[in-house]
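Examination of the molecular architecture
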Amino acid sequence: MDTRPAVTADVPLVKAVTDAAYHHYIDRIGIVPAPMKADHAADVAAGRVFVIGEPVLGVIVLVPREDHLFLESVAVHPDARGSGLGRALLRLAETRARELGLPEIRLYTNALMWENQNLYARYGYEITERRVDGPYDRIHYRKPLRPEAVAARGIPLREI
């Protein structure tokens, strides 16, 4: 399946997929996960949201920063788990970072979302720190992209 930038009409589906993907964590972590409280309409309007599936079954929110691409959220509807959509969305993040000439991807996940921790480790993300941010106990990750892979896109590299 192809990914595409989300459009305004996708906002209800972005919210529905995000809520479905994160809802089961509420009891475990004792608080509503941050992606469920995001301003999805603002993120879509800013061009940060990409979707996969017809109807939408997966969502990723990517925020370019000066020295990295921040992966704010990735969500796959529970009905589509195990279908490869999450893997496709993570590949999109790498592609997007390379297109922007950014040398790495950063993200964080709640310390009690151990499924995510296993997933990120499997896809080459390394832990950089664990930090409490308000009510959230987060594990921060980064995935450096090979300089030659970024440079191969013909985009000037920022300092690595």
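You'll find the structure just up there.
Treat the numbers as computed from the prediction; the structure is a model and nothing was measured.

Calculation criteria
Residues numbered from 1 in each chain as written. Predicted model: local features only at pLDDT ≥ 70, side-chain atom pairs only at ≥ 80, totals over all residues. Heavy atoms only, no water. Buried < 20%, exposed > 50% of the residue type's maximum accessible area, 1.4 Å probe, protein only. Helix = DSSP H or I, 4+ residues; strand = E, 2+ residues; numbered from the N terminus. Pairing = 2+ DSSP bridges. Phe/Tyr/Trp six-rings, centres within 6.5 Å; stacked < 30°, edge-to-face > 60°. Lys NZ or Arg CZ within 6 Å of the ring centre and 35° of its normal. Salt bridge = Lys/Arg side-chain N within 4 Å of Asp/Glu carboxyl O. Arc of directions from axis to C-beta. Contact = heavy atoms within 4.5 Å.

In terms of residue burial, strand β4 (residues 69-76) counts as a mostly covered element, since seven of its eight residues are buried. Pairing of strand β3 (residues 58-64) with β4 involves seven bridges; the strand directions are antiparallel. Residue pairing for β4: L62 is matched across the bridge by L71. Counting the residues between successive antiparallel strands, the hairpin from β3 to β4 contains four residues. Two elements, β4 and strand β5 (residues 104-110), share two bridges in a ladder whose sense is parallel.

Our focus in this paragraph is the packing of aromatic side chains. Across all of its chains, the model carries four aromatic pairs by this definition. Between Y22 and Y25 the ring centres are 6.3 Å apart and the planes differ by 55°, which places this aromatic pair in the tilted class. Taken together through their ring pairs, the aromatic side chains of Y120, Y125 and Y141 make up a single cluster. When the ring centre of W114 is taken as reference, the NZ or CZ atom of R28 above it lies at 3.7 Å.

Right, let's get into the pattern of salt bridges. Under the defined criterion, the tally for this structure stands at 16 salt bridges. R131 is paired through a salt bridge with E129; the nearest N and O atoms lie 2.8 Å apart. Given a relative accessible area of 36%, R131 falls into the partly exposed group. Judged by relative accessible area, E129 falls into the partly exposed class, the value being 34%.

What helix α5 (residues 114-122) keeps buried is the set N116, Q117 and Y120. Burial along α5 is one-sided: seen end-on, the buried residues are contained in an arc of 100°. Buried-residue contacts for α5 involve α2 (25-29), β4, α4 (85-99), β5 and β7 (136-144). In the stretch just after α5, G124 is the one whose phi turns positive, near 90°.

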